[in-house]
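# Observations on the model geometry
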Amino acid sequence: MARRKKRSALLALAALVLALTGVVTTLERPVNPSDLPSGLAVLMNAESTALYCTGLTSGSGSPGRVVFYNTAGSSRSLSVNVVSASGQVYAKTVELAARTSQFLVPSQDVKGSNFAVAVQISGGGVVAEEVSGTGRADVPCSSQGVTSWYGGGFDTLVGSSAWLSVYNPTATAAVFNTSLFSAAGLTQPQSLQGYSVPAHSVTEISLARSVVNTSNVGVAVTVSRGSLVIVGVQDSRGTISFDQGARAAATESWFSDVTTAASALAQIRVTNPNDVPTSVTVSLTLGHYAIPAQTINVNAYSTGLVSVTPNPAIPAAGYAAVTVASREPVVSTLATGVAPTIELISYEAPATAFLIRNFTGRGFDAASVTNTTSGTITVSVTSLTDGAPHSSTVVGDVKVAARGTLDLASVVPSLRRATNETYIVASSREDMVVSLTLPSHPAGVDVMAPLDGR
């Protein structure tokens, strides 16, 4: 999951904003994605950058939209191509002024049920987020394809559906293989081995066709030729959520704002993609309560879960900071909602910088940063204001204790409101994760993904 180069000047946050912050995109080139610099490592003066968005549909709850925001101090020209799974293509140019946003709805440009958007940008500084039609879910657009992808927690139960939206951003056909995991073990459908996606095309892979009426399904995709942009989509009784997935499984992951509301559902769903069983420990920090760690054993090529709520051992006392640790690398996914409906959010890899923007227009109910290391770190927060291309304000530098979680709203109260500001949260190393939730009832069931420079 390490995908950003270390940077030495991130604590001087004003310099970060001017030189690094604006770009969460990379120049797409026909090389292995792991060889490319990742988003926040690219300078603002990059001659050209790219963004790829996939996963939006025209179905229930989500025609959805792609929102672009220009963090740079000058305008950018965007060459946009919208493609549907039925093969229709629409191209247009968007002029995006400094520190302004625009959005497009792919289903208004082309006919189809599944869409991808490819954007070539004249320079750096433009970011993009996909937002579901209900405004309850989002996923960052990617700056490059990947050669491996892991997702988890999907339900194919009656009344629900789950699929992978797979876009090929390259000029040649890409080929991939898919493995599916459940409590029953490993499935490798023949139809999903050696699956080819034509150049600049998008396809939809239904998980329910291979794993029928099953809860907590994990996915591993291995790309044998080319690279792909992949987003998992969960439709749970009409509620849409996105799983941006991960490039690798991990032995430790963090979820900073997990609801414990009495009427809510919150589960840590775990996929073990290894050929050996593993022990997984879920630890919680919740106010002044001492919560015993919960441990489960997950068989090889299998899935398991830990319930945060409802759980008689865990009181309904606001948001919990959750850490997942395991002997073998696993894929951890947070499932929230009101039973039997769920929404999914994948774990976030530690990074040096995150971009937070109110893409849904609803503000945030909770925003937190977690220190993933055993030592104290200093986190800097800078705000960028819409329509003010040369203005940035350092909100504050705050210390976060070892393995601690900080409420960002205590540093930036305006985060809770629907404001026209963008915030950069930065540290000196890849040592923090950021969590966001939207206002909801019960609290904490709509979890959002910050932009992290992938």
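Residues numbered from 1 in each chain as written. Predicted model: local features only at pLDDT ≥ 70, side-chain atom pairs only at ≥ 80, totals over all residues. Heavy atoms only, no water.

## With respect to the nonpolar core
Rules: We call a set of buried residues a nonpolar core when its members are Ala, Val, Leu, Ile, Met, Phe, Trp, Tyr or Cys and they connect through side-chain atoms within 4.5 Å of each other. Per-residue accessibility, obtained with a 1.4 Å probe over protein chains only, is compared with the maximum for each type, and a residue is labelled buried under 20%, exposed over 50%, and partly exposed between these values. Working definition: helices are DSSP H or I runs of at least four residues, strands are E runs of at least two. Numbering for both runs from the N terminus. Between two residues, a contact is recorded if the distance between any of their heavy atoms is within 4.5 Å.
In this structure, Phe255, Ile268, Leu284 and Val322 are the most contacted members of the largest nonpolar core, which totals 27 residues. If you list the elements that add at least two residues to this core, you get β18 (250–259), β19 (265–272), β20 (278–285), β21 (294–298), β22 (302–309) and β23 (319–337). Ranked by residues supplied to this core, first place goes to β23 with six residues. Ignoring any residue separated from it by four or fewer positions in sequence, one finds Ile268 in contact with Phe255, Val282, Gly304, Leu305, Val306, Val308, Val322, Val324, Thr333 and Leu334. Listed in part, the 26 residues of the second largest apolar core include Leu78, Val110, Val119 and Ala137.

## Focus: unusual backbone geometry
With an omega of 10 degrees, the peptide bond between Ala339 and Pro340 qualifies as cis. Tracing the backbone through its elements, the reader meets Pro340 in the loop between β23 and β24 (343–346). Cis geometry marks the peptide bond from His441 to Pro442, where omega comes out at 0 degrees. Assignment of secondary structure puts Pro442 in the loop between β31 (432–437) and β32 (447–448). You will see that Arg237, though not glycine, has its phi angle at about 55 degrees, which is positive. When you line up the elements, Arg237 lands in the loop between β16 (229–236) and β17 (239–243).

## Describing the state of the cysteines
This is how the line gets drawn: Whenever a pair of cysteine sulfur atoms sits within 2.5 Å, that pair is classed as a disulfide.
A complete count under the given rule lists one disulfide for this structure. Here Cys53 engages in a disulfide with Cys141; their sulfurs sit 2.1 Å apart. Taking the sign of the S-S torsion, about 110 degrees here, the bridge from Cys53 to Cys141 comes out right-handed. With Cys53 in strand β1 (residues 49–57) and Cys141 in the loop between β8 (138–140) and β9 (148–154), this residue pair connects regions lying 88 residues apart in the sequence.

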